[in-house]
Amino acid sequence: MAGNQEAQVPRVGVLALQGDFREHLAVLTSLGAVAVPVRRPDELAAVSGIVLPGGESTVMDKLSRTFGMAGPLRAAIDDGLPVYGTCAGLIMLADRVVDGAAGQRTLGGLDVAVRRNAFGNQNDSFETDVDVPVLAGPPVHAVFIRAPVVDEVGPRATAVGVLDDGRVVAVEQGNLMGTSFHPEMTADLRFHARFLDKARAWAAR
Ligand code: GLN
């Protein structure tokens, strides 16, 4: 599957157990990738990168274990597969969760601690601009929906998007990327394009 052709048109997946996976599939397709829903280990084995969508991390956690996806996903993360998590997907990627539900687990891999629902009820959903220097161009217009915040960035991870008040909302660690917000709900597709660059490099390795 790897090779020149796939390096041009990467085949990537979106974890499709729960959440806004359809939006991600549409964005990745619009950027020229072959984007497929992933629900089974054999589907995961056939992609050069995977997006973990927004939704509800507690449900995604339970379903990923019920469907036998948690182990293969963690193995893929350890292997270096490009993975981009948005919102609940960022929680799934985090090594540590503050204020998690009882028994909530994550896949882990990203050396961060995230705090769920960090913006509180009064500020459930909001939009703001986030400066992300690793992306060329203007600040990212970011949509937050019951979003987590990155409380602690460990030595292996890097904060790449920080709000004016200092709260970290975008992180990167090699082939792992996570944002508290939802670029798939906006017209700004630079995070997805960056993820596809990593998927192309993975396919060509
Ligand atoms: N609050 C949700 C959670 O804890 C995340 C919300 C989202 O993905 N928009 O999983």
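For the structure given in this document, a descriptive report is provided here. (Residues numbered from 1 in each chain as written. Predicted model: local features only at pLDDT ≥ 70, side-chain atom pairs only at ≥ 80, totals over all residues. Heavy atoms only, no water.)

1. Comments concerning the pairing of strand 10 (residues 158-162)
Okay, so step 1: As defined by bridge partners, strand 10 adjoins strand 11 (residues 168-173) across four bridges and the pair is classed as antiparallel. What sits directly across from Thr158, in strand 11, is Glu172.
Okay, so step 2: Between the end of strand 10 and the start of strand 11, which pair antiparallel, lie five residues, with Gly166 showing a positive phi angle near 95 degrees. (Pairing = 2+ DSSP bridges. Helix = DSSP H or I, 4+ residues; strand = E, 2+ residues; numbered from the N terminus.)

2. Focus: helix 4 (residues 57-66)
Okay, so step 1: Restricting attention to buried positions, one finds in helix 4 the residues Ser57, Thr58, Met60, Asp61 and Ser64. Buried residues of helix 4, seen end-on, are gathered within an arc of 165 degrees and therefore sit on one face of the element. The exposed residues of helix 4 that point more than 90 degrees off its buried face are Lys62 and Thr66.
Okay, so step 2: For helix 4, the secondary structure elements touched by its buried residues are strand 1 (11-15), helix 5 (70-79) and helix 6 (88-93).
Okay, so step 3: Gly68 lies just past helix 4 and shows a positive phi near 70 degrees. (Buried < 20%, exposed > 50% of the residue type's maximum accessible area, 1.4 Å probe, protein only. Arc of directions from axis to C-beta. Contact = heavy atoms within 4.5 Å.)

3. Details of the site of the ligand
Okay, so step 1: Taken together, Gly54, Gly55, Glu56, Ser57, Cys87, Ala88, Ile91, Arg116, Asn117, Ile145, Arg146 and His182 make up the full set of residues adjacent to the ligand.
Okay, so step 2: Gly55 places a polar main-chain atom, nitrogen or oxygen, 2.9 Å from an oxygen atom of the ligand.
Okay, so step 3: When the free accessible area of the ligand is taken as 300 Å², the share hidden by the protein chains comes to 96%.
Okay, so step 4: In terms of residue class, the shell around the ligand is made up of four nonpolar, five polar and three charged. (Near = heavy atom within 4 Å. Polar contact = N/O pair within 3.5 Å; in protein donor to acceptor, adjacent residues only side chain to side chain. Areas by Shrake-Rupley, 256 points an atom, 1.4 Å probe, with all protein chains shown as cover. Nonpolar A, V, L, I, M, F, W, Y, C, P; charged D, E, K, R; others polar.)

4. A word on the pattern of salt bridges
Okay, so step 1: Scanning the model with the defined rule gives 16 salt bridges in all.
Okay, so step 2: Note that Arg156 is salt-bridged to Asp111, the shortest N-O span being 3.8 Å. Of this pair, Arg156 sits in the loop between strand 9 (149-153) and strand 10 while Asp111 sits in strand 6 (residues 110-115), and the two are 45 residues apart along the sequence. (Salt bridge = Lys/Arg side-chain N within 4 Å of Asp/Glu carboxyl O.)

5. Some details on the packing of aromatic side chains
Okay, so step 1: Taken as a whole, this structure holds seven aromatic pairs when the rule is applied.
Okay, so step 2: When the ring of Tyr84 is compared with that of Phe191, the centres are 6.0 Å apart and the planes differ by 20 degrees; the resulting orientation is stacked. You can see Tyr84 sitting in strand 4 (residues 83-86) and its partner Phe191 sitting in helix 7 (residues 190-203), a full 107 residues away along the chain. Both residues of the pair, Tyr84 and Phe191, belong to the buried class.
Okay, so step 3: Between the aromatic rings of Phe181 and Phe191, the centroid separation amounts to 5.8 Å while the plane-to-plane angle is 70 degrees, which identifies the pairing as edge-to-face. Of this pair, Phe181 sits in the loop between strand 12 (176-179) and helix 7 while Phe191 sits in helix 7, and the two are ten residues apart along the sequence. Neither residue differs from the other here; Phe181 and Phe191 are each classed as buried.
Okay, so step 4: Over the ring of Trp202 we find Arg205, and its NZ or CZ is 3.7 Å from the ring centre. (Phe/Tyr/Trp six-rings, centres within 6.5 Å; stacked < 30°, edge-to-face > 60°. Lys NZ or Arg CZ within 6 Å of the ring centre and 35° of its normal.)

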